[in-house]
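Secondary and tertiary structure notes
For reference, the chains in residue letters:
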Amino acid sequence: MSTPGIRPLVAGNWKMNGSRDMARKLVADLVARAAGSELPVDLLVCPPFPYLSVVADALSGSSLSLGGQDCHTAAAGAHTGDVAAAMLRDLGAGAVILGHSERRADHGESSGLVAAKAKAAVAAGLTALVCVGETEAQRNAGDAEKIVENQIVESIPSGIGFADIVVAYEPVWAIGTGRTPTVADVAAMHRHIRALLTARDPLGAVVRILYGGSVKPGNAAELMAVPEVNGALVGGASLKAEDFWGIAEGAAKSAS
Ligand code: 13P
């Protein structure tokens, strides 16, 4: 078991992919698989905003839960194109991904902004799934742990309940590339993140720390067995029910 007492979470980040039809079919397939087996793993599906409602309906009554991919810091107001945490909650979401490296890169999101979003998310009753991770240049320079440490310190607001936080370690260079860090490097980073969290709050010992970046059915069991890896944040492989399920099965192996 990767951390005794922590139930793994496998989260699918669909990013800006799919269609209404695809969303319905993919979720129906996942729901059927979940109904037929009791994996000791929590499953979360995070579709693009326009499909949240469709996915919420398709997930209804199942053991899978729904998440958003971002939210605004404000509860409501004049913010064209943005989505409030309370709206996600209203549609049945239980979580929201925040500070993904694609948002940090595409939208210039700082860790300070991510912290403000996390605060808003938790205030609205959502779990904040906060993403951190170094670039390849930062790793090659030997700065990976320091970069991730700064992101953790600055992206998780002080005073927030650690029961409402999930951390995802996603090395930027492993996202969508088919490359993953060595098991030893994943173990070292997750150990570092665990130490940072527990130093801040005793509940840091039970915060789920996910690994993300080119997780596939073929490498999931090995990655999920690494100490302090408590599940996966999955991009490309979450768009196929068979692959996402295969990853959930891989996570289940280290949970049992
Ligand atoms: P891939 O699984 O496609 O590498 O994406 C990982 C990711 O960014 C999940 O948030």
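As a starting point, this report considers the structure included with it. (Residues numbered from 1 in each chain as written. Predicted model: local features only at pLDDT ≥ 70, side-chain atom pairs only at ≥ 80, totals over all residues. Heavy atoms only, no water.)

**Considering the site of the ligand**
To be explicit about the condition: If even one non-hydrogen atom of a residue comes within 4 Å of a molecule or strand, that residue is called near it. Think of a polar contact as two N or O atoms within 3.5 Å of one another; within protein, one of them needs to be a possible hydrogen donor and the other a possible acceptor, and neighboring residues in sequence only count if both atoms come from side chains. Accessibility throughout is a Shrake-Rupley quantity obtained with a 1.4 Å probe, and a residue counts as covered only by protein chains that appear here.
Near the ligand, the surroundings consist of 13 residues, among which Lys15, His100, Gly176, Ser214 and Gly236 are the closest. Gly176 is positioned such that a nitrogen or oxygen atom in its backbone is 2.6 Å from an oxygen atom of the ligand. Between an oxygen atom of the ligand and a main-chain N or O atom of Ser214, the distance comes to 2.7 Å. In isolation the ligand offers 300 Å² of accessible surface; the protein chains occlude 97% of this area.

**Some details on unusual backbone geometry**
Which entries qualify depends on this criterion: Counting from the N terminus, the helices are DSSP H or I runs at least four residues long and the strands are E runs at least two residues long.
Positive phi, close to 55°, is recorded for Lys15, a residue that is not glycine. Tracing the chain through its elements places Lys15 in the loop between β1 (9–13) and α1 (20–35). For Glu228, which is not a glycine, the phi torsion comes out positive at approximately 70°. Mapped onto the secondary structure, Glu228 falls in the loop between α9 (217–224) and β8 (231–234).

**What about the pairing of strand β4 (residues 93–98)?**
Looking along a regular strand, one sees the side chains alternate between the two faces of the sheet. We count it as follows: In this scheme, a residue with accessible area under 20% of its type's maximum is buried, one over 50% is exposed, and one in between is partly exposed, where area comes from a 1.4 Å probe on protein chains only. Think of it this way: DSSP has to see at least two bridges between two strands before they count as a pair.
Summarising burial for β4: five of the six residues are buried, a large majority. Bridge count between strand β3 (residues 65–68) and β4: three bridges; the pairing is parallel. Counted as the bridge partner of Gly68 is Val96 from β4. With four bridges connecting them, β4 and strand β5 (residues 127–132) associate as parallel partners. When the sheet's bridge partners are listed, Val96 is paired in β5 with Ala128.

**What to know about the state of the cysteines**
Which entries qualify depends on this criterion: The disulfide criterion is simple: two cysteine sulfur atoms within 2.5 Å.
Counted according to the given criterion, the structure contains zero disulfides. Between Cys46, a free cysteine, and Cys131, which holds the nearest cysteine sulfur, the sulfur-to-sulfur gap is 9.4 Å. Judged by its relative accessible area of 1%, Cys46 is buried. Using a relative accessible area of 1% as the deciding quantity, one classes Cys131 as buried.

**Quick word on the side chain of Asn13**
Defined as follows: Contacts are assigned to residue pairs with any non-hydrogen atoms lying within 4.5 Å of each other.
For Asn13, the position within the fold is in strand β1. Of the polar contacts made by the side chain of Asn13, one reaches the backbone nitrogen of Lys15; its length is 3.0 Å. Apart from the residues within four sequence positions on either side, Asn13 is in contact with Cys46, Gln69, Ile97, His100, Leu233, Val234, Gly235 and Ser238.

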